[in-house]
Amino acid sequence: MESQGSLRAGVAGLAAGVAAAWTLKEFIGGGSGQDKLKAPKKRQVEPQHAEALKAARQEAGEGKFGPDDGATASAWVGYQCTDCQCIFPITPSTLMAEMADTWMAGKITNAFDQVPKVQQLQSEAGAAGAVHGVLSTGGLATTYTASQGLLLMLPNMVKIAGE
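Treat the numbers as computed from the prediction; the structure is a model and nothing was measured. (Residues numbered from 1 in each chain as written. Predicted model: local features only at pLDDT ≥ 70, side-chain atom pairs only at ≥ 80, totals over all residues. Heavy atoms only, no water.)

Caption draft 1: Spatial organisation of helix α4 (residues 94-105). In this model α4 runs 16 Å from its N-terminal to its C-terminal C-alpha over 12 residues, within 8% of the 16 Å that 1.5 Å per residue would give. Every buried residue belonging to α4 is among T94, M96, A97, M99, A100 and W103, and all of these are buried. Here the buried face of α4 lies against α3 (70-80), β1 (84-87) and β2 (117-120). (Helix = DSSP H or I, 4+ residues; strand = E, 2+ residues; numbered from the N terminus. Expected span 1.5 Å × (residues − 1). Buried < 20%, exposed > 50% of the residue type's maximum accessible area, 1.4 Å probe, protein only. Contact = heavy atoms within 4.5 Å.)

In structure tokens form, the structure reads like this:
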């Protein structure tokens, strides 16, 4: 019985892979290898938009908050959309956890007009378990991880997805 489920999952994965390959082939241009994806044409910004962008850049200035990279942007979105952030800051994602902790210490409110709780745990598995606990009680939670930490969180993620 279990092998039928594995077989179905394998067939579904194969079908998804074939569909993705076919779509990519069509998108590239028939798959001949000679048709390359072309860079989009640069658009001219309308004068009023250019002025607004210039004013925004001047207002932000040096030392004020502005997402300078993907890590800052994802940390900010995670902070804005959750009640609790479960962190284990000894990973490549330490920067994001530290930013969230700094915002909490500065009493910066999120999109729900509350200061999210940032809880530091002893391991990646502990962070995943804490996220599971928050989600099971109806809260919104996030954690930051990378590579091997994600592998350690997989059992909890599968359990969360099944509930």
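Caption draft 2: Inspection of unusual backbone geometry at higher detail. For K107, which is not glycine, the phi dihedral falls at a positive 60°. Within the secondary structure, K107 is located in the loop between α4 and β2. K107 gets classed as exposed once you look at its relative accessible area, which sits at 64%. You will see that D113, though not glycine, has its phi angle at about 60°, which is positive.

Caption draft 3: A look at the sheet that holds β1. Read across the open sheet, the 3 strands follow the order β2-β1-β3; overall the sheet is parallel. The sheet is open, and its two borders are formed by β2 and β3 (141-142), each paired with just one other strand. Note that β1 and β3 share 2 bridges and pair parallel. Counted as the bridge partner of Q85 is T142 from β3. The sheet contacts of α4 involve β1 and β2, and relative to β2 the element is tilted by about 130°. (Pairing = 2+ DSSP bridges. Axes fitted to C-alpha atoms, helices over the stretch in contact; angles between N-to-C directions.)

Caption draft 4: View of the pairing of β1. What you see with β1 is no split at all: C84 and C86 on one side and Q85 and I87 on the other are buried throughout. Two strands pair when backbone bridges link them, and β1 and β2 are joined in this way by 4 bridges, in the parallel orientation. Note on β2: the bridge partner recorded for C84 is K117.

Caption draft 5: Representation of the packing of aromatic side chains in the model. Under the counting rule described, the total for this entry stands at 3 aromatic pairs. With a centroid separation of 6.2 Å and an interplanar angle of 15°, the aromatic rings of W76 and Y79 are classed as stacked. With W76 and Y79 both in helix α3, this residue pair falls 3 residues apart, about one helical turn. A residue is classified by how much of its surface remains accessible, and W76, at 25% relative accessible area, is partly exposed. Residue classification places Y79 among the buried residues on the basis of a relative accessible area of 0%. Arranged with centres 4.9 Å apart and planes meeting at 85°, the rings of W76 and W103 form a pair that is edge-to-face. (Phe/Tyr/Trp six-rings, centres within 6.5 Å; stacked < 30°, edge-to-face > 60°.)

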